[in-house]
Amino acid sequence: MKRILTVAFLCILFLILDNTLMPLLKINGVYPSLIFIFALCYSIVSSPKDAVIIGVFSGALQDVYFLNGFGINMLSNMLMCVVAAKIGKSIFIEKSFLPVVSSFVLSIVKGLIVFAILFLIKQYTHIETIVYSGIYNLIVSIFMYKFTYKLSQKEYMKKEWRF
Amino acid sequence: MRFVKNKLAVVIIILSVTFLSLIGYSANREKMSFVENGVGITINSVQGIFYDGFYKIRDSFKFITNFSKVRTENEELRKINSALQGKAIEYDALKQESERLRSMLKFTEARNEYKYIGADIIGVSGNNFLDGFIINKGENKGIKKRMIAMTGEGLVGQVTSVGNNWAIVQCLSNENIAVAALVESTRDNNGIVKGYKDENNKLLAEIQRLSLESGIKEGDVIVTSGLGGIYPAGIRIGSVLSVHEDKGEVMKSAIIEPYVDFTKLEEVFIVVPKEDREIKY
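These lines cover the structure that appears in this document, whether it is placed above or below. These numbers come from a predicted model, not from an experiment.

Once that is clear, we can look at the overall build of chain B. For chain B, the helix and strand inventory stands at four helices and twelve strands. When burial is assessed residue by residue, chain B has 31% of its 281 residues classed as buried.

In structure tokens form, the structure reads like this:
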């Protein structure tokens, strides 16, 4: 129970920071997405089932404040988190190099998915921002992964979900 | 069927299909669902405080780094202030006079078919992909989807989704917003303004579909033309930075620098028509 509450609280906190603090730290017109990076890092250190749940949950939170089309972030976050969990299975999660690189690649893939879906519902965006935000996300994920890894080593975080 | 036995894969596929249909359904709806609305209202209460706080911190940070500049600015402002005070007294007298004259002539104001609702910005939306703002007024004040947001400086954007007491405004800098516009110097009114980003990711706008004969030039002022009749004519949009000719499509287009700085907005006005009718562009 404490585990679910911790993750949910962190998600909401990162969402609020995404909407308020991050735009003030814009570089070249882009800013990182803390909640997405957190979901990815958390998926790497946990099982695919958890990854689906956190992907959908973080996506739903992002979608509330997304402009058009509820579900875009839910879909893309879920897929990315599942891939992240699969990656986490096959690497040493103690070292942070591969998780950081994979979260960079996944955030670019997520950008492409969002771009494609938005294109299909006739909302046009600028594709270059995906690369820039990917690089920014890479920098954030270096710190975020260390934080998430330490969090996952805590005793109350190790229990399985019960429902 | 080994595949069906893999429960996780089945769940993922079912969820994917659900989300895709949800996207299709929600892309064109008029009002957001009560779940989103409720979650939004709850989070907004905290978010508004955060946004104000961070904004203040940034402002005070800027104050410290620009201290010497602030001091010279202060002296200049003091001079201007004394000059303006004199003018303000004059203005009051003139204003009273004009009010009297207006009531005498039963002057019908050109734009009184619209109401203006002030709203504070409480957050940024769109995660990099789209530029938008979360504002703290919604359906309870009569705001509906596709209404126009502006500030004193000029046009900001369009409302794209509405909750009970909050709404999301999409900025002019997105390519998805089209506004009928007019070149003030030449009175060409067949332009359409859309969002544009230059190679430095600076948020600009572009006016398209002008005829090749148009005499648009750098520095021209672009205003809304009011075609379509939903929002007032004459809201300022921006000034022309550069003009391009497209012989293939037989049109001229021009890059516009908006008067509104989309990164420094704190409050906007939503333009609400008093006549209740379908809003459609």
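Take the packing of helix H3 (residues 48-64) of chain A against helix H4 (residues 72-90) of chain A next. All names here are of chain A. Running from amino to carboxyl end, H3 crosses H4 at an angle of 150 degrees, the nearest separation of the two axes being 7 Å. Considering their axes alone, H3 and H4 lie roughly antiparallel with respect to each other. Here H3 runs over H4; the crossing is right-handed. Where H3 abuts H4, its residues Pro48, Ala51, Val52, Ile54, Gly55, Val56, Ser58, Gly59, Ala60, Gln62 and Asp63 lie against Ile72, Asn73, Met74, Ser76, Asn77, Met78, Met80, Cys81, Val82, Ala84, Ala85 and Lys86. A per-class count over the contact of H3 with H4 returns 14 nonpolar, seven polar and two charged.

Now for the packing of helix H2 (residues 34-44) of chain A against H3(A). Residue and element names in this part refer to chain A. At a minimum axis separation of 9 Å, H2 and H3 run at an interaxial angle of 175 degrees. Taken together, the axes of H2 and H3 are roughly antiparallel relative to one another. Of the residues in H3, those in contact with Ile35, Phe36, Ala39, Tyr42 and Ser43 of H2 are Ala51, Ile54, Gly55, Ser58, Leu61 and Gln62. When grouped by side-chain class, the residues that make up the contact of H2 with H3 number seven nonpolar, four polar and no charged.

Before going further, it helps to spend a moment on helix H3 (residues 34-65) of chain B. End to end, H3(B) covers 45 Å across 32 residues, agreeing with the expected 46 Å (1.5 Å per residue, within 8%). At B:Asn44, H3(B) is bent by approximately 35 degrees, the largest bend along its length. Listed as buried for H3(B) are B:Asn37, B:Gly40, B:Ile43, B:Asn44, B:Gln47 and B:Tyr51. Looking at the buried positions of H3(B), the neighbouring elements they touch are helix H1 (2-20) and H3 of chain A together with strand E1 (114-125) and strand E2 (132-135) of chain B.

Accessible area lost during the coming together of the parts is what is often quoted as the interface size. Counting from both sides, the interface comprises 40 residues of chain A and, opposite them, 39 residues of chain B. Elements with a contribution of two residues or more to the side of chain A that touches chain B: H1, H3, H4, helix H5 (97-120) and helix H6 (128-152) of chain A. By residue number, the principal contributor to the side of chain A that touches chain B is H3(A), which donates six residues. For the side of chain A that touches chain B, a count of residues per class yields 25 nonpolar, 14 polar and one charged.

Bringing the sheet that holds strand E11 (residues 251-258) of chain B into the picture now. Residue and element names in this part refer to chain B. In space, the six strands of this closed barrel follow the order E6-E7-E8-E11-E10-E9, with antiparallel pairing throughout. Averaged over all adjacent pairs, the angle separating strand axes in this sheet is 45 degrees, with direction ignored. Summarising the sheet, strand E9 (residues 221-224) and strand E10 (residues 236-246) pair through three bridges and their orientation is antiparallel. Of the residues in E10, the one forming a bridge with Val221 is Ser239.

All names here are of chain B. Read around the barrel, six strands follow the order E1-E2-E5-E4-E3-E12 and close on themselves; strand pairing throughout is antiparallel. Adjacent strand axes in the sheet meet at a mean angle of 45 degrees when their direction is disregarded. Running at roughly 80 degrees to E1, H3 makes contact with E1 and E2 of the sheet.

Our focus in this paragraph is the pairing of strand E5 (residues 167-171) of chain B. Residues and elements named next belong to chain B. Buried residues dominate E5, accounting for five of its five residues. A two-sided burial pattern is seen for E5, the buried positions comprising Ala167, Val169 and Cys171 on one face and Ile168 and Gln170 on the other. Sheet topology places E2 next to E5; four bridges connect them, and they run antiparallel. For Phe133, the partnering residue across the bridge sits in E5 and is Val169. Both strand E4 (residues 155-162) and E5 contribute to a ladder of five bridges, which runs antiparallel. Its bridge partner lying in E5, Val159 is registered against Val169.

A few words on unusual backbone geometry. All names here are of chain B. In this structure, Arg146 takes a positive phi of about 75 degrees despite not being glycine. Following the sequence through the fold, Arg146 ends up in the loop between E2 and strand E3 (148-150). Take Arg146: there are 16 C-beta atoms within 10 Å of it, and that puts it in the partly exposed class. Backbone geometry places Arg209, a non-glycine residue, at a positive phi of 65 degrees. Here Arg209 is to be found in strand E8 (residues 203-210).

Attention shifts here to the nonpolar core. If you look at the biggest cluster of nonpolar residues, it comprises 103 residues, and the most contacted ones within it are A:Phe38, A:Leu40, A:Cys81, A:Ala84 and B:Ile135. With twelve residues, the top contributor of residues to this core is H4(A). Excluding its chain neighbours within four sequence positions, the residues that come into contact with B:Ile135 are B:Ala119, B:Asp120, B:Ile121, B:Ile122, B:Trp166, B:Ala167, B:Val169 and B:Val268.

Quick look at H2(A) now. Residues and elements named next belong to chain A. Of all eleven residues in H2, eleven are buried; the element is thus mostly enclosed. If you check which residues of H2 are buried, you get Leu34, Ile35, Phe36, Ile37, Phe38, Ala39, Leu40, Cys41, Tyr42, Ser43 and Ile44. Here the buried face of H2 lies against H1, H3, H4, H5 and H6.

About the criteria used
- Residues numbered from 1 in each chain as written.
- Chains lettered and ligands numbered in written order.
- Predicted model: local features only at pLDDT ≥ 70, side-chain atom pairs only at ≥ 80, totals over all residues.
- Helix = DSSP H or I, 4+ residues; strand = E, 2+ residues; numbered from the N terminus.
- Buried ≥ 20, exposed ≤ 12 C-beta atoms within 10 Å, placed from the backbone.
- Axes fitted to C-alpha atoms, helices over the stretch in contact; angles between N-to-C directions.
- Parallel < 35°, antiparallel > 145°, perpendicular 65-115°, else oblique.
- Left-handed = near helix turned anticlockwise from the far one by under 90°.
- Contact = placed C-beta atoms within 7 Å.
- Nonpolar A, V, L, I, M, F, W, Y, C, P; charged D, E, K, R; others polar.
- Expected span 1.5 Å × (residues − 1).
- Bend = angle between axes of the 7 residues up to and from the residue.
- Pairing = 2+ DSSP bridges.
- Core = buried A, V, L, I, M, F, W, Y, C linked by C-beta atoms within 7 Å.

In short, the description is geometric, and any link to function would need to be established separately.
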